[in-house]
Amino acid sequence: MARWVSVAAEHEIPPGGYKLVEVGDLELALFNVEGRLCCIEDLCTHDGGNLVEGDFEGNIVTCPRHGAKFDVCTGEALCLPAVASTPVHEVRVRDGRIEVAVED
């Protein structure tokens, strides 16, 4: 069962912005895509690289290691060398705080 964890203030991630947060052992990448908050695990499924270190444009983040691209809202791997999606986490805003759903 998932639990909601507060990770940032809503104003910390403006449209076009992103932030890396840690919840336990998970590194999560929060992105603001034109006002829509999206969260994926900060993990390139090709070689384990950190996605937040890559370029972010629109709803696409590019892994800085080998150029794999991921949709930050669906986690879908969009091109080689990655073929598997990266995990996605639900996001909500409550009382000005961004919360993400994580499994216990």
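Note that the structure is predicted; figures quoted are calculated from it, not measured.

(A) Broad picture of the packing of aromatic side chains. Summed over the entire model, instances satisfying the criterion amount to three aromatic pairs. Look at tyrosine 18 and phenylalanine 31: their rings are 6.0 Å apart centre to centre, the planes differ by 35°, and that puts the pair in the tilted class. Placement of tyrosine 18 in strand E2 (residues 18-23) and of phenylalanine 31 in strand E3 (residues 26-33) is noted, with a sequence separation of 13 residues between them. On the basis of an interplanar angle of 50° and a centroid distance of 4.7 Å, the ring pair of phenylalanine 31 and phenylalanine 56 is categorised as tilted. With phenylalanine 31 in strand E3 and phenylalanine 56 in strand E5 (residues 56-57), the pair connects residues that are 25 residues apart, well separated along the chain. Residue class for phenylalanine 31 comes out buried when judged on its relative accessible area of 0%. For phenylalanine 56, a relative accessible area of 17% corresponds to the buried category. An aromatic cluster of three or more residues is present, and its members are Tyr18, Phe31 and Phe56.

(B) Structural context of the state of the cysteines. In the structure shown here, the tally under the stated rule is one disulfide. Here cysteine 38 pairs with cysteine 73 through a disulfide, and the sulfurs are 2.1 Å apart. Because the torsion about its S-S bond is 70°, the bridge between cysteine 38 and cysteine 73 counts as right-handed. One end of the pair, cysteine 38, is in strand E4 (residues 36-41); the other, cysteine 73, is in the loop between strand E7 (69-71) and strand E8 (88-89), with 35 residues separating them in the sequence. In this structure, cysteine 38 and cysteine 73 share a single accessibility class: buried. The cysteine cysteine 44 is free of any disulfide, with cysteine 63 supplying the nearest cysteine sulfur at 3.8 Å. Residue cysteine 44 is classed as buried on the basis of its relative accessible area, which comes to 2%. Overall, cysteine 63 belongs to the buried group, its relative accessible area being 3%.

Rules and cut-offs
Residues numbered from 1 in each chain as written. Predicted model: local features only at pLDDT ≥ 70, side-chain atom pairs only at ≥ 80, totals over all residues. Heavy atoms only, no water. Phe/Tyr/Trp six-rings, centres within 6.5 Å; stacked < 30°, edge-to-face > 60°. Helix = DSSP H or I, 4+ residues; strand = E, 2+ residues; numbered from the N terminus. Buried < 20%, exposed > 50% of the residue type's maximum accessible area, 1.4 Å probe, protein only. Disulfide = S-S within 2.5 Å.

Keep in mind these values describe shape, not function.
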